[in-house]
Amino acid sequence: MTRLHGRESLLHHVEEMLGAGGAGCLIGPRGSGRTAVLDALADRIDGSVRRVSGGLAVPVSAQLGYDTRGIAAYTRIPGDLGAEGALVLVDDADGVDHAGGVLLVQLARAGVRLVVAASETHHLPAPLCDEAVRANWPVHRLTPLPDDAILALAADVLGDDLCAESAAYLLDRGQGVPGIVVELLGSAAASLRHGPGGVEIGHPEVTARLVELHEPAIRALDPADHPWLVRLALAEQLPAAMLPPAALDHLVAAELATRTGDRVAIAGRLLADVVREDLSVESWRLACSSLAVELAAHGPEWSGLACLLRVRAGEVLESRAGIVAVQAAVKGQRWADASDLLAGIESASITSADEPVLALLRGATLSGGGEYEAAARFLQSAARHPRAAPEVLLRVGLELGLLHAVRRGDPGAAIAAVEVVADRLTGADRAALDADLVKWHLMAGREPPPLPGAERAADLDGQLGVAVISAMVSSLDGRPDAALTKVADGLALAEQIDAPGHSVELLGLSHYLALAFDGQLAIAEEWAVTRRDRAARAADPSLGMWEFAAAELGLHSGRLDWAQGMAGRAGRHLAWQDFTGLRAPARALHAALDARRGALDAALRTLGDLSAEADADVKVALHVARVHAERHRRAARPDDAAAVLADAGRRAVSQSHRHLGVLAIDEAWMLSPDLALVDLLDTHASGGPLAALFAQRAHAWHRRESSALEQAARTFAAAGFLSRAVQARSLAAVLHSERGDLDAAGRARRAGAVLLADTGCSSWPGDGDPAALTTREVEIARLIAARMRSREIAARLGLSVRTVDNHVGRILRKLGLARRSEVEHVFLDIDRSH
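Below is a summary of the structure that appears in this document. Here the residue numbers are simple positions, counted from 1 along each chain's written sequence. Thresholds applied to this predicted model are a pLDDT of at least 70 for local features of residues and 80 or more for the giving and counting of side-chain atom pairs; totals over whole chains, interfaces and linings are not thresholded and use all residues. To get the side-chain values, take all heavy atoms of the structure and skip hydrogens and water.

## Quick look at the packing of aromatic side chains
How we decide: Aromatic rings from Phe, Tyr and Trp, with only the six-membered ring used for Trp, were paired whenever their centres fell within 6.5 Å, and each pair was classed as stacked if the ring planes differed by under 30 degrees, edge-to-face if by over 60, and tilted otherwise. Note on criteria: charge over ring means Lys NZ or Arg CZ within 6 Å of the ring centre, with the direction from the centre no more than 35 degrees off the ring normal.
All told, the structure shown has three aromatic pairs when counted by the stated rule. Over the ring of Trp-302 we find Arg-263, and its NZ or CZ is 4.3 Å from the ring centre. Arg-704 extends its terminal NZ or CZ atom over the ring of Trp-701, reaching a point 4.3 Å from the ring centre.

## A word on the side chain of Asp-147
Filter applied, for reference: Secondary structure elements follow DSSP: runs of H or I of four or more residues count as helices, runs of E of two or more count as strands, with numbering from the N terminus. Whether a residue is buried, partly exposed or exposed follows from its accessible area with a 1.4 Å probe, protein chains only, as a fraction of its type maximum: under 20%, in between, or over 50%, in that order.
One can find Asp-147 in helix 7 (residues 147-158). Overall, Asp-147 belongs to the buried group, its relative accessible area being 6%.

## A word on the packing of helix 8 (residues 164-174) against helix 13 (residues 269-276)
Cut-off, in case you're wondering: Axes here mean lines fitted to C-alpha atoms, for a helix over just the part in contact, with angles spanning 0 to 180 degrees between N-to-C directions. Should an angle fall under 35 degrees it is taken as roughly parallel, and over 145 as roughly antiparallel, whereas 65 to 115 is taken as roughly perpendicular and any remaining angle as oblique. Contacts between residues were defined by any pair of non-hydrogen atoms, one from each residue, lying within 4.5 Å. Charged means Asp, Glu, Lys or Arg here, nonpolar means Ala, Val, Leu, Ile, Met, Phe, Trp, Tyr, Cys or Pro, and polar covers whatever is left, Gly included.
Following both chains from N to C, one finds helix 8 and helix 13 inclined at 85°, their axes separated by 7 Å at the closest point. Between helix 8 and helix 13, the interaxial angle falls into the category roughly perpendicular. On the side of helix 8, the interface is formed by Tyr-169, Asp-172 and Arg-173, while helix 13 contributes Arg-269, Leu-270, Asp-273 and Arg-276. By residue class, the composition of the contact of helix 8 with helix 13 is two nonpolar, no polar and five charged.

## Description of the nonpolar core
Put simply, the test is: The criterion is simple. A nonpolar core is a set of buried Ala, Val, Leu, Ile, Met, Phe, Trp, Tyr and Cys residues joined through side-chain atoms within 4.5 Å.
Among the nonpolar cores identified, the biggest contains 85 residues, and Leu-509, Tyr-512, Trp-669 and Leu-681 are the most heavily contacted of them. Top element by residues in this core is helix 33 (residues 658-671). It accounts for nine residues. Setting aside residues no more than four positions away along its own chain, Tyr-512 makes contact with Ala-524, Glu-525, Trp-527, Ala-528, Trp-546, Ala-549, Ala-550 and Leu-553.

## Section: empty space enclosed by the protein
The cut-off we apply is this: Using a grid of 1 Å spacing that covers the protein atoms alone, one calls a set of points a cavity when a 1.4 Å probe fits there but cannot get out, and a pocket when the set is open and has protein on both sides within 12 Å along at least five of seven lines; lining residues are those with an atom within 4 Å of a point. Grid points are joined across faces, edges and corners, and a volume is the space filled by probe spheres set on the points.
All chains considered together, the criterion is met by seven cavities of 30 Å³ or more. In this structure, the largest cavity occupies an estimated 470 Å³ of space. For the largest cavity, the lining is made up of 23 residues, of which Met-472, Leu-476, Thr-580, Leu-582 and Lys-619 are closest to its centre. Mapped onto the lining of the largest cavity, the elements with two or more residues apiece are helix 22 (431-443), helix 23 (460-477), helix 25 (501-517) and helix 27 (543-557). Here the residues of the lining of the largest cavity are counted per class, giving 16 nonpolar, three polar and four charged. Approximately 70 Å³ is the volume found for the second largest cavity. Taken together, Leu-555, His-556, Gly-558, Leu-560, Arg-596, Glu-667, Met-670, Ser-723, Arg-724, Ser-762 and Trp-764 make up the full set of residues lining the second largest cavity. Where the lining of the second largest cavity is concerned, the elements lending two or more residues are helix 27, helix 33 and helix 37 (722-738).

## Here we look at the pairing of strand 3 (residues 87-91)
Counted only if it meets this: A strand pair is defined by DSSP finding two or more bridges across the two strands.
The buried fraction of strand 3 amounts to five of the five residues, a majority that puts the element mostly inside the structure. Of the two faces of strand 3, the one carrying Leu-87, Leu-89 and Asp-91 and the one carrying Val-88 and Val-90 are both buried. Across five bridges, the pairing between strand 2 (residues 49-53) and strand 3 is parallel. When the sheet's bridge partners are listed, Val-52 is paired in strand 3 with Val-90. Looking at chain direction, strand 3 and strand 4 (residues 113-118) are connected through four bridges and run parallel. Directly across from Val-88, in strand 4, lies its bridge partner Leu-114.

## Re helix 12 (residues 245-253)
To keep it simple, the criterion reads: The arc in question is traced by the directions running from the helix axis to the C-beta atoms.
Within helix 12, the full set of buried residues consists of Ala-247, Leu-248 and Leu-251. One face of helix 12 carries all of its buried residues, which in axial projection span an arc of 100°. Facing away from the buried surface of helix 12 by more than 90 degrees, the exposed residues are Pro-245, Asp-249 and Ala-253. One or two positions beyond helix 12, positive phi appears at Glu-255, with a value near 60°.

## Things to note about the environment of Thr-580
Along the polypeptide, Thr-580 turns up in the loop between helix 28 (560-576) and helix 29 (583-596). Along the backbone, Thr-580 and Leu-402 are 178 residues apart, and their C-alpha atoms lie at a distance of 8.2 Å. Thr-580 has contacts with Val-406, Met-443, Leu-506, Met-545 and Leu-574, leaving out every residue within four places of it along the chain.

In short, geometric facts, not functional conclusions.
In structure tokens form, the structure reads like this:
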């Protein structure tokens, strides 16, 4: 069956249109996936389906079996098209001739269902265009695909996830258009490399088809404006004041450039690739050199780009200018640019005062690029240099911690290396290192030293470092409202300085976690999607961190399939860049999700690949416990499973990860509702609304209060903790049954079944939970509730009556109903309860 990526909702709307017996248009540019949608319709629609195309040499009329000698010949409908529910799908309808257009109009008027796919409605042949306007045919537009859909499409084509840099390349160049994405992947086929971080596609060739997409707009450009398009292609952005006003207006009007404030940027890097393709090496260098001179006159904010263009032109840089440019590139985590700039610094201009700074920058660049041994040598050289100033030593200490604890996964080595550097600093100069040491101790499973106050730091950079760690500790161990306040304080500091990107991202992660632990998981995820998408498009090192955080909380919401995909991506992207120390936790999380989804052997194999030291990280230990708990649960040993989770939860609480620990303790209660676990949940109920809800739900069960369980289910569902909502409904059903109220029990179970289907979440632990309706079954059940008959439902959804009746039988069985007339009352009760 045809797989769609990001087009499921559109497909559903087209099916609804066809269900009403109508005709409509599917509009999108070449490569937008029109053919894939038509393929999916042909797969899913029962009955007679005819596929034709206006892009073939054979006219559409002949493809449909009509005599092509004249419109007057169209006096009959072939047998298969005359059948009830017949459907004609017309691809590339822009190319349909006039006679074919007349024929298709007549078929539509005769009751044949029709979908015409074209780039625009006004590109249709006149008879079809006029009929679409006259009859008000619905128009379904294929908008650019979201990022997750593009990455899923790439993984399908390649058989594996992309590495972060290749993902960013594809998202940027692909523009959300499936055809461009597939073309780029095809042109890179010969250079694909599979690595631990995912598939690397390199820099795909600019193919004739990619040039063809941009050629009309480029050719239509005034020749006097073309040199400015070339300059934009080389620099990617320029000061707006640098361009002649007329050229700027023309480029923007032609959609070859975009203007934001005082900057103008080329309209996509794929366009830049196409334009640069025509330049010789010599003309490239000459253009870069002259552009660098022009940029230098536009102020210091453009000096870094001017330096980079000079290096690309083969020129050398004076050390001071080069160091400033490298510092900006390192701060922006643009490791390739930093490496190019370092290589372009003239050695004769380097002074002894520059030496420790350059050693630091070389170490940071190599560390960011994955060359850890060389990075350590340069950083140690900078730390030992007699001319190293306190601010350089501070930066060296921060980079050594990042290198050892995060990128090499050895927090013990980070503690040893950072403490040596910190001992060379005093008082306020070392406050930021002391804050980092708290984090490295926690990662190593050691008792952390006291967290220094922000006021101890010597400058705003140091204060921000302390604020970042303080917010993170608070989000994991303190009250969520207090954590949100610390995040706001940290962001206010970040606005006062040119803060490093990773500091802002870590504050964002603390914000996300605080919202989730405040019982606002749905809001937190909506907020985080924008951060994740931005990171994917920029190949930002925070990408793996955001994917891990999403997968972690996806586990707790019950969206196990989605979470596993996100955890797999996180593992790939953290293998590429990780400034949070999440590589081992991501692998352990993937194992926990495997176990919850029933792949216990795969989960145990993944755990076997983890190092013995990894278990020192409490986040790893929690997921290891989940795998072993699942092994006990599936062997019908729920008490043993609960004990494993409760022990891991207690350890997490004791190691300053209270909220993650309470989640594990609550899972232990879900497996084995023991009063001792209720007491343990009570101990932490003051930690925030979510912890309090766990305790309230547990008390409601032990006090046999079905109404309180129903309320807890509603609160869990609103907060985004869906599997807990389903279990609370199931527990309420048990209590209703104990009292003999079978109607109330049935309503509670049915509400859980519909929640499972509506959200796509998984039921865990699943004991006593209802059988979930499929998405199609919920769709049909809601139409039954709207008092539609099977024949009407079949027409609406493009199914046979027999298929609909089979669905109805399964719906009644799953909901425990005897007659279809009862379905209406079920959905009325469910909608009221939500």
